[in-house]
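For reference, the chains in residue letters:
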Amino acid sequence: MGVAVGDAGSEKKSKGRMAVDATAGAIAGCIARFLTGPFDVVKIRFQVQLEPIVGAPADALRRSKYTGFTQALTTIVREEGIQGLWRGTVPGLLLTVPYTAVQFVALQQVRQAAASYGLTANPGTAPLVSLASGALAGAAATVASYPFDLLRTTLAAQGEPKVYKTLWEAARGIVSQRGPAGLYSGLGVTLVEIMPYAALQFGLYDALNAAVADEAAAAAERSASGLQSNRLQAFACGLVAGLVAKLVTHPLDVAKKRYQVAGLQRSLKYGARVEAGFAMRSLAQSLVDIYRTEGVLGLWKGSVPSIIKAAPSAAITFTAYDAVLAWL
């Protein structure tokens, strides 16, 4: 009887922890998404722009509309208003809630499972647990929220005049053109991208946190500002982890965005459209094609706004997550 009661209590505690992780992750993700939204829109515009950013003559037919981060930012505001910088915010937030909630829940569940087998206590396997748990959490979160990711990219990339005015209209249009599977176009490459990205992000975050843990503990003992030091530590570690992870996986993100907007009939003033047939290419073919037509820099299009967004986004997410956990 005692064992049964203990198991029931453990199960209840586990479910409570899952609810807390999901709530904290969702709130943290929404905060980060809203604050970094403009950087995401600029990044997407660069990534779906087929014309080379540099190397083309000024009077060439393939002259790019966006040539730099500041120029792109001011151009969007001038042509579409300040609200243009938050295009795709609704599906972005709808994406963020399930993504971050599932991500943090899956992360904690994998870590708990690894701990039950004694893997986290072993110095030799602990780093691998961090990488594997991050990768699995990222994959689970991606599958749970992918249609919102595709719709967010579509609405952010379309510009003016709008191809789709609402989230629902975009979903209906994509399904009518490509079938229900169209809402998952690019899911494969996204999983290829997100698993190393999440593995690097969470793995580096844990490694950096462990590296400064002793100093943070000492600071907490010396003064009453220990909580503030821990928050600063979470912010700094999240910043570095997000920066490195995004740089390494950026070419995959460029290919992913092309898959997502393949066939989108946006205005030609934004440049050539990504043809519908692009969605049928393999990832290797896509990357080679981008390299041949746009150069090596084409694989890192949008990397500046991506880095500006990803690093603080990761830092804000981890900091807000820790803060919400402490509050809950």
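Please refer to the structure higher up on the page.
Scope of this entry: the structure provided in the associated data block. (Residues numbered from 1 in each chain as written. Predicted model: local features only at pLDDT ≥ 70, side-chain atom pairs only at ≥ 80, totals over all residues. Heavy atoms only, no water.)

## Structural notes on the overall build of the protein chain
Within the protein chain, the secondary structure is distributed over eleven helices and zero strands. The proportion of buried residues among the 328 residues of the protein chain is 48%. Carbon and sulfur atoms make up 67% of the accessible area of the protein chain, which amounts to about 15400 Å² in all. (Helix = DSSP H or I, 4+ residues; strand = E, 2+ residues; numbered from the N terminus. Buried < 20%, exposed > 50% of the residue type's maximum accessible area, 1.4 Å probe, protein only. Areas by Shrake-Rupley, 256 points an atom, 1.4 Å probe, with all protein chains shown as cover.)

## What about the environment of Gly92?
As for its placement among the helices and strands, Gly92 is situated in helix H4 (residues 89-116). Expressed as a C-alpha distance, the spacing of Gly92 and Ser145, which sit 53 residues apart in the sequence, is 10.0 Å. Among residues more than four places away in sequence, those in contact with Gly92 are Arg33 and Arg152. (Contact = heavy atoms within 4.5 Å.)

## Thoughts on the packing of H4 against helix H5 (residues 126-157)
Running from N to C, H4 and H5 cross one another at 165 degrees; their axes reach a closest spacing of 8 Å. It follows that H4 is roughly antiparallel to H5 by the angle criterion. Where H4 crosses over H5, the two elements pack in a sense that is right-handed. Looking at the contact of H4 with H5 residue by residue, the class counts come to 19 nonpolar, seven polar and three charged. (Axes fitted to C-alpha atoms, helices over the stretch in contact; angles between N-to-C directions. Parallel < 35°, antiparallel > 145°, perpendicular 65-115°, else oblique. Left-handed = near helix turned anticlockwise from the far one by under 90°. Nonpolar A, V, L, I, M, F, W, Y, C, P; charged D, E, K, R; others polar.)

## Observations concerning the pattern of salt bridges
Charged atoms that come close allow side chains of opposite charge to pair. If you walk through the whole model with that rule in mind, you get 16 salt bridges. Residue Arg33 is joined to Asp40 by a salt bridge in which the shortest nitrogen-to-oxygen separation is 3.2 Å. Assigned by exposure class, Arg33 and Asp40 land together as buried. Note that Arg258 is salt-bridged to Glu294, the shortest N-O span being 3.0 Å. Taken together, the residues span a long stretch of sequence, with Arg258 in helix H9 (residues 226-261) and Glu294 in helix H10 (residues 283-294) at a distance of 36 residues. (Salt bridge = Lys/Arg side-chain N within 4 Å of Asp/Glu carboxyl O.)

## Section: helix H2 (residues 37-47)
In an α-helix, one full turn covers 3.6 residues, which means residues spaced three or four apart are oriented alike. Of all eleven residues making up H2, ten are buried, and the element is well covered by its neighbours. Within H2 the residues assigned to the buried category are Gly37, Pro38, Asp40, Val41, Val42, Lys43, Ile44, Arg45, Phe46 and Gln47.

## A look at the packing of aromatic side chains
Per the stated rule, a full pass over the model turns up five aromatic pairs. Note on Tyr146 and Tyr184: the rings are 6.2 Å apart at their centroids and 20 degrees apart in plane angle, and the pair reads as stacked. Placement of Tyr146 in helix H5 and of Tyr184 in the loop between helix H6 (167-178) and helix H7 (187-211) is noted, with a sequence separation of 38 residues between them. Residue Tyr146 is classed as buried on the basis of its relative accessible area, which comes to 1%. For Tyr184, a relative accessible area of 39% corresponds to the partly exposed category. Note that Lys65 overlies the ring of Tyr270, its terminal NZ or CZ placed 5.2 Å from the centroid. (Phe/Tyr/Trp six-rings, centres within 6.5 Å; stacked < 30°, edge-to-face > 60°. Lys NZ or Arg CZ within 6 Å of the ring centre and 35° of its normal.)

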